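Single-letter residue listing:
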Amino acid sequence: KQWYQRRVRAMADEARERYKITAIQSRKMYEILRLRATDTSCPEAHKAYRLDVKRRLNKAFQKEKKAMARQRARLTEEELKALDATKTPEQQHEFLERSFLELETEYRKVIERMAAFVEF
């Protein structure tokens, strides 16, 4: 697995250099190409793809969680209660699932447009 991750990272770095794109654009391009190569009728393959995309989407929650942990020391009890009630883990999971489904739909449209111009 480490070899695979290094290879993917090297390919992403090469794509960023060659096409002058950002890391986020490179990651999305990778996700689109991986969706095209993934056999979505195979539950294990589709699950691995889904988890990989959700891991990227979840990074925003993790950054927010770290920032909130730093600010907790400065908040009053009332503010802490209000803060804790805003985002439950269930809401985060719902958001991630919804975001993933929207992205997958968008990626499939991109794949269809690419197929019209380029033969894979």
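Heads up: the structure comes first, above all this text.
Values in this document were obtained by computation on a predicted structure and should not be read as measured data. (Residues numbered from 1 in each chain as written. Predicted model: local features only at pLDDT ≥ 70, side-chain atom pairs only at ≥ 80, totals over all residues. Heavy atoms only, no water.)

A. Structural view of unusual backbone geometry. In this structure, Lys 20 is a non-glycine residue whose phi angle is positive, near 55 degrees. Within the secondary structure layout, Lys 20 lies in the loop between α1 (2–19) and α2 (23–37). A relative accessible area of 68% means that Lys 20 is categorised as exposed. (Helix = DSSP H or I, 4+ residues; strand = E, 2+ residues; numbered from the N terminus. Buried < 20%, exposed > 50% of the residue type's maximum accessible area, 1.4 Å probe, protein only.)

B. The arrangement of the pattern of salt bridges in detail. Enumeration according to the criterion identifies nine salt bridges in this entry. Put simply, Arg 56 and Glu 31 hold a salt bridge, and the shortest N to O gap is 2.7 Å. Placement of Arg 56 in helix α3 (residues 43–71) and of Glu 31 in helix α2 is noted, with a sequence separation of 25 residues between them. Overall, Glu 31 belongs to the buried group, its relative accessible area being 0%. The partner of Glu 104 in a salt bridge is Arg 108, and the shortest N-O contact between them spans 3.2 Å. Residue Glu 104 and its partner Arg 108 are both found in helix α5 (residues 89–117); the two are separated by four residues, about one turn of the helix. Residue classification places Glu 104 among the buried residues on the basis of a relative accessible area of 10%. (Salt bridge = Lys/Arg side-chain N within 4 Å of Asp/Glu carboxyl O.)

C. Broad picture of α3. The end-to-end C-alpha distance of α3 is 41 Å, a good match for the 42 Å that 29 residues give at a rise of 1.5 Å each. At Leu 57, α3 shows its largest kink, close to 30 degrees. Residues His 46, Tyr 49, Asp 52, Val 53, Lys 54, Leu 57 and Phe 61 constitute the buried set of α3. Against the buried residues of α3 lie α2 and α5. (Expected span 1.5 Å × (residues − 1). Bend = angle between axes of the 7 residues up to and from the residue. Contact = heavy atoms within 4.5 Å.)

D. Highlighting the nonpolar core. Among the nonpolar cores identified, the biggest contains 11 residues, and these are Ile 32, Leu 35, Tyr 49, Val 53, Leu 57, Phe 61, Leu 96, Phe 100, Leu 103, Tyr 107 and Ile 111. Top contributing element to this core by residue count: α5, with five residues. With near-sequence residues (within four places) excluded, Leu 96 lies in contact with Lys 54, Leu 57, Asn 58 and Phe 61. (Core = buried A, V, L, I, M, F, W, Y, C linked by side-chain atoms within 4.5 Å.)

E. Region of the structure containing the packing of α1 against α2. Remark: α1 packs on α2, axes separated minimally by 9 Å, with the N-to-C direction vectors making an angle of 120 degrees. Comparing their axes, α2 and α1 come out oblique. When you trace α1 past α2, the crossing you get is right-handed. Listed contacts from α2 to Tyr 4, Val 8, Ala 12, Ala 15 and Arg 16 of α1 are Ala 23, Ser 26, Met 29 and Tyr 30. (Axes fitted to C-alpha atoms, helices over the stretch in contact; angles between N-to-C directions. Parallel < 35°, antiparallel > 145°, perpendicular 65-115°, else oblique. Left-handed = near helix turned anticlockwise from the far one by under 90°.)

F. Spotlight on the packing of α2 against α3. Closest axis-to-axis distance for the α2/α3 pair is 11 Å, and the angle between their directions is 165 degrees. Taken together, the axis directions place α2 and α3 in an arrangement best described as roughly antiparallel. Considering the relative orientation of α2 and α3, their crossing is left-handed. Across the interface between the two elements, Arg 27, Lys 28, Tyr 30, Glu 31, Arg 34 and Leu 35 from α2 touch Ala 48, Tyr 49, Asp 52, Val 53 and Arg 56 from α3. Broken down by class, the residue content of the contact of α2 with α3 amounts to five nonpolar, no polar and six charged. (Nonpolar A, V, L, I, M, F, W, Y, C, P; charged D, E, K, R; others polar.)

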